Every structure is written in structure tokens, then in C-alpha cells.
Amino acid sequence: MAILESIKSLTELREKLKAKQAALSQKDNPQSTIQVKVTMATCGIASGSRPVYDFMKEELSKRNIPALVSQVGCMGFCYAEPTIEVTMPGKSPVIFGFVNTKKADEIIERFIRKGEVIDGVIPMNYETA
Amino acid sequence: MARQIRIALRNCGVIDPERIEDYISRDGYMALATVLTELSPEAVIEILKKSGLRGRGGGGFPAGLKWEITRKVQADQKYVVCNADEGDPGAFMDRSILEGDPHAVLEAMTINGYCTGASKGLIYIRAEYPLAVERLKTAMKQSREMGLLGNNILQTGFNFDIDIRYGAGAFVCGEETALIHSMEGLRGEPTVKPPFPSVEGYLKKPTNVNNVETFANVPVIINKGWEWFASIGTEKSKGTKVFALAGKINNVGLVEVPMGTTLREVIYEIGGGIQGGKEFKAAQTGGPSGGCLTKKHLDTPIDYDNLIAAGSMMGSGGLIVMDEDDCMVAIAKFYLGFTVEESCGKCSPCRIGNKRLFELLEKITQGNGTMEDIDKLRNLSTVIKDTSLCGLGQSSPNPVLSTIENFIGEYHEHVKDKKCRSKVCKSMMQYLVVPEKCIGCTLCARNCPVNAISGERKQVHLIDQEKCIKCGACMEKCKFNAIIIN
């Protein structure tokens, strides 16, 4: 990363990154993709999110489903760890709880591939600043 | 449905904490840039003061005022310290912020450095948080590489750098003077205030100590304006508070709600209610320094002042929910046990007084208490609160006082009737065989670790109360519910 030399260069970088991020979620944008976020804070990792993260990363690419898998901090749903958030382009994010590799497989095959409604969804109950 | 608004946790679970680009895409470092290029230190402090942000570590001291005091002291070197020594049992909000959004803390500390005139920041973090440390280091490296930390930040000529100091996880080191001594390589013991750290702190230099969550709020306040922040919350407590919900609650987890949300909304609407549909009995806020809130407090708006009026405190935001199966005397004993362990031993009210409190509670839970003991608890608690050196001792009797205040009936039962209604205090219980139900299968006798159960096959068994250690193994094994607790 290059050194930011002024508030202007920071603002420009931010706009660039914002646009890139927005494009990821737009339905008809060629840049858009499926986004998978796996909670990887201490609590998530302790309850087994690392294998889920690895599984998602490997299996999505093996099964030829283009997706961006990333690690994030705690979403606050300790009771349901490991949790993952899946965002299909043009749709609202969906959070799944109690995800193990078996559940992850079901999420890939049924939710991501076929768009079916499956169990284990945690209602989103907050707004962010 | 009660709403959560996430300010301090705005990026937790949203961004990849190891990618500075993710943070920047969500307006990261914009507050710092604005502050460095457009605002004077005084103007920033004014914004903070108007926002009404108060310290989230527990005390609730106005953050802007603290910054102003540190600014006004003349010194050749000043320090900014981030208190990440999260020690309350059941509290983990600071860890979550550091692991999920480390840049927010770095950015706020840098802003603080600009306002107070400090060029050096220190994060005091417990060594038990290795992942948080790792992510902080990654974040610091990235922001240095981009010229957002270190020398000549954003080419404005402002220098500020941050270092990490490790704590060994002592509860008392969350107290700011003890924390500073620990950073200096001395024993983690508090000293009398004043002088406050803002005047004379780390290496005798003015030191601004704020908690992780307090810092995490700062960039948003700058970006969105104090008016926005002050519009959330109650009259004297602005913004939101993160709570770590734990105990007998369905949705254990982290929540961030506007100040003034009621306990009922937090427990029943956001927390999903009590486990197993049982009845709510109490909620402990403020950890070992706090008190319990009861059914009568369910509809009290939670803010700094209401909690103190209710005999508890905000603390760092641990919220432990208890149901009808919890014995309040045993709970008070549990917290005192923690305090006795964690007292640094420097002043005698805390070192000896808390030990005596613990012994009195032990006596009561063992069924040997007298009515005088309850009075002694009260008196001794007041003395400890009044005479202890630091916040640990000044608040450690709170669990005792608030359980006596709210659950005096349970204390009386333990003392007069030698009964524990929640069946927690084992010394007062007897495991008994119900003769009508026992078929003499011998299963209990075979599982008793101390051979306290006798009886022939197909005959009613008998538990020898002298030998019984009340482990409950017999009751667990019995398939006919023939063993009961009296």
C-alpha cells in the first residue's frame, strides 16, 4: 500500500473501495459475486469456524461457484457460533448459525446453488451506524 | 421489538479486521483526517463534550472533560493509554472490538493524541487475548505503511505512534493507577487519586486513559456529528452501550442498545428470554463490582445514573442473568470469592475485609449463620466501601449489599429455617429415598462414590446422611425418581 499524502488521497481511496464494495452486491454488475463472511473472533474459532472457513473457501472453488470468502469479527451471536453470513448479489445478507462443515455443504448446495429456504437462519436484529 | 444500534460494534462482523481497505471503505480514518486538517484540538474536545460521551469502562466519567484536563496540563511528553484489560467475569465486549475492528481503536487513540498533545500511545492488553494482540499488530503495521500512524501522519506534520503493553490478567489492573504501575514494570497496585493520571500518570507524565469501547465511539462522533450522537440515549447518558449477555438467557451474546433501553427489552426481546422458560430472578450488572437488578427493575431504563440508583453500576457491560434456580446468597459468595482472589492486598479494608465478608457468607451458606451475621455483613460492607484505596475495594461489597437489599428473605431462610429454596447450598440439603418409589435396583448404591447408600436388592435403600457428600450422583442415576432433595 502506498503512503497516503493528504485527506484527498484518503477520500479518493475510500470512494474507490466503496464503489468496489457496492459493485460486489449489485445484481447485474459484472463485478458482483457471492459473499461469504465467516466469524473468526476467538469465540467463533473456539467453536469451530476455522474448518468452516477452509471448507467454504475450498469447496466453493472446487464446485466452480465464484465467491468471495472472508473472515470477519464477532457478529454477537455467541449462542449460535459458528455463524456465517451469505450475501447473494442483489439480495439482503442472510446469517446462519450453528454451522459445521455438513451445514456448510447444505448452504452451498441448497441455499447458494438452488436458492432454497433452509433452516438455521438467525434473524438480523440490529442496525449499524 | 427493541432495536439494537451498533456504533462501537459498527464494523464487527462486517469487515475483515486484517484488511485496512475494508476499514477505509467504511469511512475509516476519515475522522482522523478531518481532525488533523480542519479542526483544532479544542474544537474536537468541544465536539466530544457536547456529544455527552462518557467512559465505557465503568466509571462513566465524561470523556471530553478527561481529554481537556490532559490537554491543559503542561508537560514535555504526554501519553494516551487504551485500557484493554477486560477483567469482569463474563465480559468480552472489548475483545470483540479489538478482534473485529482494531483500526477504530488506533484511529481514536491518534485523535486523542492530537487533542491532548501526546505523541505516544500505549495499549494495555491482557496476554490472554492473543488473537486481539495479533490483529492489533497487523493493523498497526498496515496503518504505518499507509502513513496513518507514525511520523508525519497524512503529511500534516503530526507524529503519533502506538505500542502494546501486556498485562498478566489481574483484575485490579483495570483500575487506571494500577494499570499504569503495571506498565511501568511495577506491581499492579493502585495509588491514591489525586493526582489523577490525566495530571500525573505513566512515568509521571500526563496520561489520558480510556477504555476500548470509549475509543471505538470517537471516530463515529466526529464523522456523524455530536448532535447525532447526543440524540441517542437518555438525558445524562448518551449513545449506546454494549452488553455481554450471559447466564440463563437464551441468546447469549453481544448486544449494543441505546442507553435507556429497559432490562425487559434486553432480556426478553433481544436476548430471547430465560432458558427453559423459567422465571427471571435477577441480573447482575457491573460484574463483581456491581449489584443485582430484580423484577422491580425490569422496566427501568438502563443508564449510568439509574443503575447507581438501583444499587448497581454500569461497569464494563457484563450482564449475567439469573433464574429461579440461582441462590442469591451463593451468588454473593461467588463474587466475593473472586474479589478475595483478585484483591492486590495493598490496603487492609479490601484485603482483610473482603476475606471476612466471604467467611460470613460461607457460614451462612453452610447453614451456620445467625441474624447478627447479616448485620455484620451490612456494617462491614459499608466500612470496606468507605475506606478502601481503589475502585476494587470501594465496589466489591456491592453484590452483598444489593442481594441483602433485594433478597433479604433468602438470607433469612438460610439463617432461620436453614433452607436454600434454590437448592444450591448443599450443606443445608438432604438427599432422601422415597420409600414408595424405590424398587431396590441398587443402582444408586453402586454409583455412590462414598458408599453412603445401603440396602438389599429389592428392598428400599437408605442414605447415610453422615457419609453423604451431596454430590447428587444417586439422584442422577435413579430411573424411578425415587431420590429427592429435602
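As a reminder, the structure under discussion sits directly above these lines.
Just so you know, these numbers come straight off a predicted model, no measurement behind them.

All right, on to the overall build of chain A then. Each helix and strand counted, chain A has 4 helices and 6 strands in total. If you list the helices and strands of chain A from N to C, you get α-β-α-α-β-β-β-α-β-β. Principal axes of the C-alpha set define a box for chain A whose edges measure 50 × 35 × 30 Å. Scored against the burial criterion, the 129 residues of chain A give a buried share of 46%. Partitioning the intrachain contacts of chain A with sequence separation of at least 6 by distance along the chain shows that 59% fall at a separation of at least 24.

Right, let's get into a positive patch on the surface. Taken together, the side chains of Arg446(B), Arg457(B), Lys458(B) and Lys479(B) define a basic patch exposed on the protein surface. Of note, Lys479(B) is situated in the loop between helix H20 (473-477) and strand E15 (483-485).

On to the sheet that holds strand E10 (residues 292-294) of chain B. All names here are of chain B. The mixed open sheet is built from 5 strands, whose spatial order is E8-E7-E11-E9-E10. For this open sheet the edge positions go to strand E8 (253-258) and E10, each flanked by a neighbour on one side alone. Ignoring which end each strand starts from, the neighbouring axes of this sheet average 30 degrees apart. Judged from the 5 bridges that link them, strand E9 (residues 280-285) and strand E11 (residues 318-323) form a sheet pairing that is antiparallel.

Often, the extent of an interface is quoted as the loss of accessible area upon association of its parts. If you look at the interface, chain A gives 34 residues, while chain B gives 47 residues. Across the chain A/chain B interface, buried area totals approximately 3,500 Å², and carbon plus sulfur atoms make up 58% of it. Linking chain A with chain B are 2 salt bridges, by the criterion used here. Here Arg14(A) makes a salt bridge to Asp27(B), at a shortest N to O gap of 2.8 Å. Inspection of the chain A/chain B interface yields 14 residue pairs in polar contact (both at pLDDT 80 or more). Every element with two or more residues in the side of chain A that touches chain B is listed here: helix H1 (7-25), helix H2 (42-46), strand E2 (67-72) and strand E6 (126-128) of chain A. By residue number, the principal contributor to the side of chain A that touches chain B is H1(A), which donates 7 residues. Among the residues making up the side of chain A that touches chain B, the classes are represented as 20 nonpolar, 8 polar and 6 charged. Pairing between E6(A) and strand E1 (residues 4-6) of chain B: 3 bridges, direction parallel. Bridge pairing in E1(B) places Glu127(A) opposite Ile5(B).

Evaluation of the coordinates by the stated rule reveals 43 salt bridges over all chains. Taking the shortest distance from any N to any O, the salt bridge between Lys103(A) and Glu106(A) comes out at 3.4 Å. With Lys103(A) and Glu106(A) both in helix H4 (residues 101-113) and 3 residues apart, the pair spans about one turn of that helix. Of the residues examined, Glu106(A) reaches a relative accessible area of 24% and is grouped as partly exposed. Among the salt bridges present, the one from Lys248(B) reaches Asp323(B), with a minimum N-O distance of 3.3 Å. Placement of the pair is Lys248(B) in the loop between strand E7 (240-247) and E8 and Asp323(B) in strand E11, with a sequence separation of 75 residues. Overall, Lys248(B) belongs to the partly exposed group, its relative accessible area being 25%. It is possible to trace a salt-bridge network through shared partners that takes in Glu59(A), Lys62(A), Arg63(A), Asp105(A), Glu109(A) and Arg113(A).

Next up on the list: the packing of helix H6 (residues 102-116) of chain B against helix H9 (residues 212-224) of chain B. Residue and element names in this part refer to chain B. At a minimum axis distance of 8 Å, the contact between H6 and H9 shows a crossing angle of 80 degrees. Classified by the angle between their axes, H6 and H9 sit roughly perpendicular to one another. In contact with Ala-104, Val-105, Glu-107, Ala-108, Met-109, Ile-111 and Asn-112 of H6, H9 contributes Val-212, Phe-215, Val-218 and Pro-219. For the contact of H6 with H9, the class distribution of residues is 9 nonpolar, 1 polar and 1 charged.

All names here are of chain B. Residues Phe-61, Leu-65, Ile-69, Phe-196 and Val-199 make up a contiguous nonpolar surface patch of roughly 400 Å² in combined accessible area. Its place among the elements puts Val-199 in the loop between helix H8 (176-183) and strand E6 (207-211). Classification of Val-199 by relative accessible area gives partly exposed; the value is 39%.

All right, on to the pairing of strand E5 (residues 158-167) of chain B then. Residue and element names in this part refer to chain B. Two strands pair when backbone bridges link them, and strand E3 (residues 120-126) and E5 are joined in this way by 7 bridges, in the parallel orientation. Considered in E5, the bridge of Ile-125 is made with Tyr-166. One ladder, built from 2 bridges, connects strand E4 (residues 150-153) with E5; its direction is antiparallel. Paired with Ile-153 across the two strands is Phe-158, which belongs to E5. As consecutive antiparallel partners, E4 and E5 are separated by 4 residues, and within that stretch Leu-154 has a phi angle of approximately 50 degrees, a positive value.

Residue and element names in this part refer to chain B. Where helix H13 (residues 328-342) contacts helix H17 (residues 398-406), the axes come no closer than 9 Å and their chain directions differ by 170 degrees. Classified by the interaxial angle, the pair formed by H13 and H17 is roughly antiparallel. Of the residues in H17, those in contact with Met-328, Ala-332, Tyr-335 and Leu-336 of H13 are Pro-399, Val-400 and Thr-403. Tallied by class, the residues present in the contact of H13 with H17 amount to 6 nonpolar, 1 polar and no charged.

Time to look at the layout of surface pockets. Looking at the largest pocket, its volume works out to about 1,100 Å³. Of all the secondary structure elements, the ones that give two or more residues to the lining of the largest pocket are helix H4 (63-72), strand E2 (79-84), E6 and helix H16 (391-395) of chain B. Take the lining of the largest pocket: its biggest share by element is 4 residues, from H16(B). Considering only enclosed or pocket space, the second largest pocket measures out at about 940 Å³ in volume. Forming the walls of the second largest pocket are 38 residues, and the residues nearest its centre are Gln21(A), Val14(B), Ile15(B), Ser25(B) and Arg26(B). Taken together, the elements giving at least two residues each to the lining of the second largest pocket come down to H1, strand E1 (34-39), E2, strand E3 (84-87) and E6 of chain A together with helix H1 (20-25) and H9 of chain B. In terms of residue count, the dominant contributor to the lining of the second largest pocket is H1(A) (6 residues). Of the residues in the lining of the second largest pocket, the class split is 13 nonpolar, 11 polar and 14 charged.

Criteria and cut-off values
Residues numbered from 1 in each chain as written. Chains lettered and ligands numbered in written order. Predicted model: local features only at pLDDT ≥ 70, side-chain atom pairs only at ≥ 80, totals over all residues. Heavy atoms only, no water. Helix = DSSP H or I, 4+ residues; strand = E, 2+ residues; numbered from the N terminus. Buried < 20%, exposed > 50% of the residue type's maximum accessible area, 1.4 Å probe, protein only. Contact = heavy atoms within 4.5 Å. Patch = residues over 30% accessible without salt bridge, like charges linked within 9 Å, V, L, I, M, F, W, Y side chains within 5 Å. Areas by Shrake-Rupley, 256 points an atom, 1.4 Å probe, with all protein chains shown as cover. Salt bridge = Lys/Arg side-chain N within 4 Å of Asp/Glu carboxyl O. Lys, Arg positive; Asp, Glu negative; His and termini not counted. Charge placed at Lys NZ, Arg CZ, Asp CG, Glu CD. Pairing = 2+ DSSP bridges. Axes fitted to C-alpha atoms, helices over the stretch in contact; angles between N-to-C directions. Buried area = accessible area lost by both parts, 1.4 Å probe. Polar contact = N/O pair within 3.5 Å; in protein donor to acceptor, adjacent residues only side chain to side chain. Nonpolar A, V, L, I, M, F, W, Y, C, P; charged D, E, K, R; others polar. Parallel < 35°, antiparallel > 145°, perpendicular 65-115°, else oblique. 1 Å grid on protein atoms, 1.4 Å probe; cavity = no way out; pocket = protein on both sides within 12 Å on 5 of 7 lines; lining within 4 Å. Points joined across faces, edges and corners; volume = space filled by probe spheres on them.

Purely geometric stuff here, so don't read any function into it on its own.
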